[in-house]
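# Structural characterization, general
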Amino acid sequence: MKLLSYRIGDVESFGVLSGDGVIDGAEALAGDATTVREVLERDLLGPLEHLTARRRPTHALADVVHLPPVPDPAKILCVGVNYVDHREETGHLEKPEHPTIFSRFADTQVGHGRPVVHPPNTKQLDYEGEVAIVIGRHVSTVETDADARAAIAGLSCYNDLSARDWQLHNSQWLPGKNFRGVGSFGPWLVTLDEFDDLGSVRLTTRVNGEIRQDATLGDLVFDFTDILRYVTGFTSLAPGDVIATGTPGGVGLAAKPPRFLAPGDVTEIEVSGVGVLRNEIVAAPEGAG
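Residues numbered from 1 in each chain as written. Predicted model: local features only at pLDDT ≥ 70, side-chain atom pairs only at ≥ 80, totals over all residues. Heavy atoms only, no water.

The helix and strand tally for the protein chain stands at eight helices and 18 strands. Relative to its length of 289 residues, the protein chain is compact, with a C-alpha radius of gyration of 18 Å against a globular reference of 19 Å. Reported as C-alpha extents along the three principal axes, the dimensions of the protein chain are approximately 55 × 50 × 30 Å. In the protein chain, buried positions account for 52% of the 289 residues. By element, 49% of the accessible surface of the protein chain is carried by carbon and sulfur atoms, the whole surface being about 12600 Å². Mean positive and mean negative side-chain charge positions of the protein chain (25 and 41 charges, respectively) differ by 2 Å. (Helix = DSSP H or I, 4+ residues; strand = E, 2+ residues; numbered from the N terminus. Rg over C-alpha atoms; globule rule 2.2 N^0.38 Å. Buried < 20%, exposed > 50% of the residue type's maximum accessible area, 1.4 Å probe, protein only. Areas by Shrake-Rupley, 256 points an atom, 1.4 Å probe, with all protein chains shown as cover. Lys, Arg positive; Asp, Glu negative; His and termini not counted. Charge placed at Lys NZ, Arg CZ, Asp CG, Glu CD.)

Before going further, it helps to spend a moment on the packing of aromatic side chains. All chains considered together, the criterion is met by four aromatic pairs. An angle of 65° between the planes, with centres 6.0 Å apart, marks the rings of Tyr 230 and Phe 234 as edge-to-face. For Tyr 230, a relative accessible area of 31% corresponds to the partly exposed category. In this structure, Lys 95 is placed above the aromatic ring of Phe 222, and the distance from its NZ or CZ to the ring centre is 5.3 Å. (Phe/Tyr/Trp six-rings, centres within 6.5 Å; stacked < 30°, edge-to-face > 60°. Lys NZ or Arg CZ within 6 Å of the ring centre and 35° of its normal.)

Glancing now at the environment of Ser 18. Locating Ser 18 in the fold gives a position in strand 2 (residues 11-18). As for Ser 18 and Leu 3, which are separated by 15 residues in sequence, their C-alpha atoms are 9.8 Å apart. Once residues within four sequence positions are removed from consideration, Ser 18 is found in contact with Ile 23 and Pro 57. (Contact = heavy atoms within 4.5 Å.)

Attention now moves to the side chain of Glu 268. If you trace the backbone, Glu 268 turns up in strand 17 (residues 266-271). According to the relative accessible area criterion, Glu 268 is buried, its value standing at 19%. When near neighbours in sequence (up to four residues on either side) are disregarded, Glu 268 contacts Thr 204, Thr 205, Arg 206, Val 276, Leu 277 and Arg 278.

Position of Ser 5 relative to the elements: it lies in strand 1 (residues 2-8). For Ser 5, the side chain forms a polar contact with the main-chain oxygen of Pro 69, separated by 2.6 Å. Aside from chain neighbours lying at most four places away, what touches Ser 5 is Ser 13, Phe 14, Val 36, Val 65, His 66, Leu 67, Pro 68, Pro 69, Val 70 and Pro 71. (Polar contact = N/O pair within 3.5 Å; in protein donor to acceptor, adjacent residues only side chain to side chain.)

We now examine the pattern of salt bridges. Inspection of the entire model under this criterion finds 17 salt bridges. With a closest N to O distance of 2.9 Å, Arg 259 and Glu 210 form a salt bridge. Here the residue Arg 259 occupies a position in the loop between strand 16 (242-244) and strand 17, and Glu 210 occupies one in strand 15 (residues 210-216), the gap between them amounting to 49 residues. For Glu 210, a relative accessible area of 35% gives the class partly exposed. When salt bridges with common partners are traced through the structure, they connect Arg 104, Asp 126, Glu 128, Asp 160, Arg 164 and Lys 177 into a single cluster. (Salt bridge = Lys/Arg side-chain N within 4 Å of Asp/Glu carboxyl O.)

What follows is the structure, given as structure tokens:
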């Protein structure tokens, strides 16, 4: 099942993808949930799938404005330098004992097809294609692969767009990762039951049609179980929380010379079994600071 959050007119809702249409989920559930996060909190994935199985689409997909699949996560955590080739290109040659974790804010995210405004006070905006985990239940401890699968509602595409100059001001990455609206998530959440072999899931990043990153989840340094085991060692997770699991080699910062994004560039993050997250970089309005 593919779940998306969207706006049509002045109304925000969520739904289930059905061909080239969207079945409104709030209508199907008769108001028992009005957001994807509430569906997960109230354990309504099963009823939602049953109730939408034979419904006709409420809207054409082309008519909706995409929001991040979970617009209101309580936590967004990101894993740094978590692919072997990305560690090599950034000079991190030894495998660390623990994953590198940093956080994002919900207002940094935009949905599929929405413009990403290039911040006027960075000259080093960079792409980072990632696979995002969406948590499906309250989780306080993960030890095994079975625990990890039970904790995950599904997967999505993520672009952890980064202002590299701000990221590298010091050892704390938070500033470079949290410009408002500079990061994208979508186009939808695909429930985990649609993935048999997570290690074979392929992640590809394109800029203006050119492949810049290409890897599988089998290339992760710390896999989903490792990540969730470590994260639940210091914080609990709740339905709708998001974890971006890291980016492969090929980032713009590591190119010689570096290849940063500029207004007019189009990024596409493709995850097999999910789809394509597409965003155009646009210039900030004149006078923006």
